[in-house]
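Observations on chain architecture
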Amino acid sequence: MPNTLQALCDWLAGAPALTGAGPWQVGDLDPVPGAAGVFAGGVQVLEHRADLLGRRRLRCRADFVLRLVRPYEAGTGAQDADCLLELQRWIGAQSAAGLAPAFGNADTASEHMYAEGGALERVGDEGTAVWAMTLHAEYTMLC
């Protein structure tokens, strides 16, 4: 799918937990409060089947890392962690409703996206904190 990362950024920009986040970047992240970035983590083939005619059916999982730069002040960690939990719930609900971006070219009803591992990644010298979580998209490709 062309522009998969940009489509993912556009979709995430609509998350209520990320209101005001931006500019959205693909594979890069400015160290300014509010910046958000999506980084490709690779695709893993979970299942590979072939039929008698040689057509291939691949069940895949694409992994992405979402990073958010937030202002860092003592005592704001719980609020930022709540934001990530809210975002994880939103991603799950959007996926269940069929509103998440499609990655495969077959059986889109079985596609799903989920997020996990939201945590503080690092605190910057410029008074910022970088929070990160992993996004997974499971989908089917016909080749």
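Attention here is on the structure that accompanies the text.

1. A look at the state of the cysteines
Two cysteines, two sulfur atoms, one covalent bond between them: this is a disulfide. Scanning the entire structure with this criterion turns up 0 disulfides. Looking at the unpaired Cys9, the closest cysteine sulfur is the one in Cys83, lying at 16 Å. Cysteine Cys143 remains unbridged, with the sulfur of Cys60 as its closest cysteine sulfur at 7.5 Å.

2. Topic: helix H1 (residues 4-12)
All of the buried residues in H1 are Thr4, Leu8, Cys9, Trp11 and Leu12. Seen from one end, H1 has its buried residues packed into an arc of 165°, which puts them on one side. Elements in contact with the buried residues of H1: strand E1 (24-26), strand E2 (36-50), strand E3 (56-71), helix H2 (77-96), strand E4 (112-123) and strand E5 (128-142).

3. Let's talk about the nonpolar core
Core analysis: the largest hydrophobic core is formed by 30 residues, its most contacted members being Leu12, Leu66, Leu87, Ile91 and Leu135. When contributions to this core are tallied by element, the ones reaching two or more residues are H1, E2, E3, H2, E4 and E5. Excluding residues within four positions of it along the chain, Leu135 makes contact with Leu8, Leu12, Ala62, Asp63, Phe64, Leu66, Ile91, Tyr114 and Ala115. Core analysis: the next-biggest nonpolar cluster, separate from the first, contains 5 residues, Ala35, Phe39, Val69 and Val130 among them.

4. A word on the pairing of E2
As paired strands, E1 and E2 are joined by 3 bridges and run parallel to one another. Bridge pairing in E2 links Gln25 to Gly37. Pairing analysis gives 13 bridges linking E2 to E3, with the strands arranged antiparallel. Bridging from a neighbouring strand, Val43 pairs with Ala62 of E3. The turn linking E2 back onto E3 is made up of 5 residues, and Gly54 within it adopts a positive phi angle of 90°.

5. Let's talk about unusual backbone geometry
Residue Gly22 is joined to Pro23 through a cis peptide bond whose omega torsion reads 10°. Within the element layout of this structure, Pro23 appears in the loop between H1 and E1.

6. Here's the deal with the pattern of salt bridges
The full count for this structure, using the stated rule, is 6 salt bridges. Among the salt bridges present, the one from Arg67 reaches Glu121, with a minimum N-O distance of 2.7 Å. Of the two residues, Arg67 sits in strand E3 while Glu121 sits in strand E4, which places them 54 residues apart along the sequence. For Glu121, a relative accessible area of 34% puts it in the partly exposed group. Between Asp80 and Arg70 there is a salt bridge; the shortest N-O distance is 2.7 Å. With Asp80 in helix H2 and Arg70 in strand E3, this residue pair connects regions lying 10 residues apart in the sequence. Classification of Asp80 as buried rests on a relative accessible area of 5%.

Thresholds applied
Residues numbered from 1 in each chain as written. Predicted model: local features only at pLDDT ≥ 70, side-chain atom pairs only at ≥ 80, totals over all residues. Heavy atoms only, no water. Disulfide = S-S within 2.5 Å. Buried < 20%, exposed > 50% of the residue type's maximum accessible area, 1.4 Å probe, protein only. Helix = DSSP H or I, 4+ residues; strand = E, 2+ residues; numbered from the N terminus. Arc of directions from axis to C-beta. Contact = heavy atoms within 4.5 Å. Core = buried A, V, L, I, M, F, W, Y, C linked by side-chain atoms within 4.5 Å. Pairing = 2+ DSSP bridges. Salt bridge = Lys/Arg side-chain N within 4 Å of Asp/Glu carboxyl O.

Purely spatial values, then, with no claim about function.
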